[in-house]
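# Architecture at a glance
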Amino acid sequence: MSEDASADRPVPAHIAIIMDGNGRWARRRGQPRAFGHRKGVETVRRIVEGTGDLGVKHLTLFSFSTENWRRPADEIGALFELMKHYIAADLEGLAKRGVRIRILGSRKGLREDVAEMIERSEARTRDNSDFHLNIAFNYGGRDEIVRATRAIAEAARAGELDPASLDEESFASWLDTSDSPDVDLMIRTSGEQRISNFLLWQAAYAELLFVDTLWPDFTIAQLADAIEAYKTRSRRYGGLDAGAA
Ligand code: IPE
Ligand code: IPE
Ligand code: MG
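All of the points below concern the structure found in this document. All values reported here derive from a predicted model rather than from experimental measurement.

Rules behind the numbers
Within every chain, residues take consecutive numbers counted from 1 along the sequence as written. Chain letters and ligand numbers both follow the written order, the letters beginning at A and the numbers at 1. Residue-level local features of this predicted model are given only where pLDDT is at least 70; pairs of side-chain atoms are given and counted only at 80 or more, and the full residue set underlies all totals for whole chains, interfaces and linings. By convention in this description, side-chain values take in all heavy atoms of the structure and omit both hydrogens and water. Consider each residue's heavy atoms; a residue with any of them within 4 Å of a molecule or strand counts as near. Contacts described as polar in this section are N or O atom pairs within 3.5 Å, which, within protein, must combine one atom able to donate a hydrogen with one able to accept it, while residues neighboring in sequence count only if both atoms come from side chains. Surface exposure here means Shrake-Rupley accessible area, sampled with a 1.4 Å probe, where a residue is shielded only by the protein chains that are shown. Residues belong to one nonpolar core when they are buried, are Ala, Val, Leu, Ile, Met, Phe, Trp, Tyr or Cys, and are joined through side-chain atoms within 4.5 Å. Partly exposed describes any residue whose relative accessible area lies between the buried limit of under 20% and the exposed limit of over 50%, with all areas from a 1.4 Å probe on protein chains only and scaled to the type maximum. Secondary structure is summarised from DSSP: a helix means a run of H or I of at least four residues, a strand means a run of E of at least two, and numbering begins at the N terminus for each. Whether two residues are in contact is decided by their heavy atoms: any pair within 4.5 Å suffices. Every helix has an expected span of 1.5 Å times one less than the residues it contains. By construction, the arc corresponds to the directions joining the helix axis to the C-beta atoms. A pocket here means an open set of points on a 1 Å grid, computed over the protein atoms alone, that has protein on both sides within 12 Å along at least five of seven lines. A cavity is instead a set of points where a 1.4 Å probe fits but cannot get out; residues with an atom within 4 Å of a point line either one. Those molecules having more than half of their atoms within 2 Å of a cavity or pocket grid point set are described as sitting in that cavity or pocket. Residues are grouped as follows: Ala, Val, Leu, Ile, Met, Phe, Trp, Tyr, Cys and Pro are nonpolar; Asp, Glu, Lys and Arg are charged; all remaining types, including Gly, are polar. Salt bridges are identified by distance alone: a Lys or Arg side-chain nitrogen within 4 Å of an Asp or Glu carboxyl oxygen.

### Comments concerning the site of ligand 1
Taken together, 13 residues sit near ligand 1, with Asp20, Gly23, Arg24, Arg33 and Arg71 positioned nearest. For ligand 1, an oxygen atom lies 3.3 Å from a polar atom in the backbone of Gly21. Contact between ligand 1 and Arg33: an oxygen atom at 2.8 Å from a side-chain N or O atom of the residue. Coverage of ligand 1 by the protein amounts to 86% of the 380 Å² it exposes when considered alone.

### Considerations on the nonpolar core
Counting 42 residues, the largest nonpolar core has Ile15, Ile17, Leu59, Tyr86, Leu133, Phe137 and Ile187 as its most contacted members. The element contributing the most residues to this core is helix 4 (residues 73-96), with nine residues. Ignoring anything within four residues of it in the chain, the contact list for Tyr86 reads Val41, Val44, Arg45, Val48, Leu91, Leu94, Leu133 and Ile135. Grouped together as the second largest cluster of nonpolar side chains are 12 residues, Ala16, Met186, Phe198 and Ala203 included.

### Side note on helix 8 (residues 220-231)
If you check helix 8, its first and last C-alpha atoms are 17 Å apart, about what 12 residues at 1.5 Å a residue would give, namely 16 Å. What helix 8 keeps buried is the set Leu223, Ala226, Ile227, Tyr230 and Lys231. An end-on view of helix 8 places all buried positions within 140° of arc, on one side of the element.

### Structural notes on the site of ligand 2
Inspection of the region around ligand 2 gives Ile18, Met19, Asp20, Phe62, Ser63, Phe64, Asn68, Arg71, Arg188, Arg194 and Ser196 as its neighbouring residues. Here an oxygen atom of ligand 2 and a side-chain polar atom of Asp20 are 3.2 Å apart. One of the side-chain N or O atoms of Arg194 is found 2.8 Å from an oxygen atom in ligand 2. Here ligand 2, which alone exposes 390 Å², has 78% of that area covered by the protein. Put simply, ligand 2 lies in the largest pocket. The element best represented in the shell around ligand 2 is strand 2 (residues 58-65), accounting for three residues. In the shell around ligand 2, the residues fall into four nonpolar, three polar and four charged.

### So, the pattern of salt bridges
Applying the stated criterion across every chain, the model contains 25 salt bridges. Linking Arg33 and Glu75 is a salt bridge whose minimum nitrogen-to-oxygen distance equals 2.8 Å. Residue Arg33 is found in helix 3 (residues 33-51), and its partner Glu75 is found in helix 4; the two are separated by 42 residues along the sequence. Taking the relative accessible area as the measure of exposure, Arg33 reaches 29% and is therefore partly exposed. Residue class for Glu75 comes out buried when judged on its relative accessible area of 8%. A salt bridge links Arg100 to Asp179, with the nearest nitrogen and oxygen atoms 3.3 Å apart. Here the residue Arg100 occupies a position in strand 3 (residues 99-104), and Asp179 occupies one in the loop between helix 7 (168-172) and strand 5 (185-188), the gap between them amounting to 79 residues. If you follow the salt bridges from partner to partner, you end up with Asp20, Arg24, Arg188, Glu192 and Arg194 in one network.

The values are spatial; any link to function lies outside them.
Below, the structure is given as structure tokens:
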């Protein structure tokens, strides 16, 4: 019975991925961690290319967290360079394919060249809506909620917003993800089983899926498998399955 129901479940509208395991992938090959991050960008390209074909409209990738500042300066530098080069190399192609890019996270503390590239990618794709690619960079879920709350408080102080009018829906519109629906499926690679401060608000009712594969080895076939697994989940949102009452 429940199998019949799941066969009709739509693909997730919004998939979020914690791309983890680049460092271990490199270490296993006797290479520096940055080698794994470079390889990880190839996976980003494969996944960004293929996700739309699976019927998914919104993809959010966790690329640099507010906690990743704890890493050595040379690794942070390598990650910033990769981000800049990825956008420089792929922006035009993505823009022509109708991809809307949003970079989630704080702009504070970002190098000027990286911040500029981020602005450019968002401005260039502003009018697109075929596929939404969100890249979480210098992103923390708590930081996002605090930034939104601060902006709301400032609007209230300026008399532009009535605090009594605030509800879950209007609060969400102040978050970095205002163009995307809640996360349906959150995937983390590399075998770690935690959220690490990713999309705390948006993933309140996300289905979680942890895979052992390290990010550089992750394939679009595995993403398709993840979607199939998602379709068999029973999403109750605190209620009951149909027919269970
Ligand atoms: C994920 O890979 C990429 C980032 C966090 C930037 P890691 O760098 O965390 O790789 P592991 O977890 O050390 O293997
Ligand atoms: C989470 O991975 C952040 C990104 C993938 C960008 P980490 O490797 O930084 O997370 P922890 O430290 O294992 O929780
Ligand atoms: Mg990690």
